[in-house]
Amino acid sequence: QVQLVESGGGLVQPGGSLRLSCAASGIRFSIYAMGWYRQAPGKQREWVASITSGGNNNYVDSVKGRFTISRDNAKNTVWLQMNSLKPEDTAVYYCNAHRGTYDLWGQGTQVTVSS
């Protein structure tokens, strides 16, 4: 079955950390660029971070220095380590697999940063 399954979301206090995981199945994971997006209530979905098949990372400016994306092709998994979380990081986080004109999305995981 072709799918991406996210996990690891939850409620955390400002300044805290969470680690999101995305497990892929049914695709040749190693050839896909993987990314994390988020969508806050009332806002459009925005790109957060991505990692190429070769392991090169990119981040939106608002998370640089706080978030780290990584992947393990042997485990068909990509992670997003989120540190120093802020209330404005609150959103549903989505995993994405991209290659050419093909995009695969996960179902999303809620991250809430609140005291």
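Okay, so let's go over this structure. (Residues numbered from 1 in each chain as written. Predicted model: local features only at pLDDT ≥ 70, side-chain atom pairs only at ≥ 80, totals over all residues. Heavy atoms only, no water.)

## Side note on the sheet that holds strand S7 (residues 67-72)
Here is step 1 of the chain: Taking strand neighbours across the sheet as the criterion, the 4 strands line up as S1-S3-S8-S7 in an open arrangement whose pairing is antiparallel. Because the sheet does not close on itself, it has two edges, and the strands there are strand S1 (3-7) and S7. Adjacent strand axes in the sheet meet at a mean angle of 15° when their direction is disregarded.
Here is step 2 of the chain: With 6 bridges connecting them, S7 and strand S8 (residues 77-82) associate as antiparallel partners. Paired with Arg71 across the strands is Val78, a residue of S8. (Pairing = 2+ DSSP bridges. Helix = DSSP H or I, 4+ residues; strand = E, 2+ residues; numbered from the N terminus. Axes fitted to C-alpha atoms, helices over the stretch in contact; angles between N-to-C directions.)

## A look at unusual backbone geometry
Leaving glycine out, the prevailing phi sign among residues is negative, and the prevailing peptide bond configuration is trans.
Here is step 1 of the chain: Positioned with a positive phi, Asn76 is a non-glycine residue whose angle comes to about 50°.
Here is step 2 of the chain: Within the element layout of this structure, Asn76 appears in the loop between S7 and S8.
Here is step 3 of the chain: Given the relative accessible area of 25%, Asn76 is considered partly exposed.
Here is step 4 of the chain: The backbone of Ser84 shows a phi angle near 50°, a positive value even though the residue is not glycine.
Here is step 5 of the chain: Considering the arrangement of structural elements, one finds Ser84 in the loop between S8 and strand S9 (91-99). (Buried < 20%, exposed > 50% of the residue type's maximum accessible area, 1.4 Å probe, protein only.)

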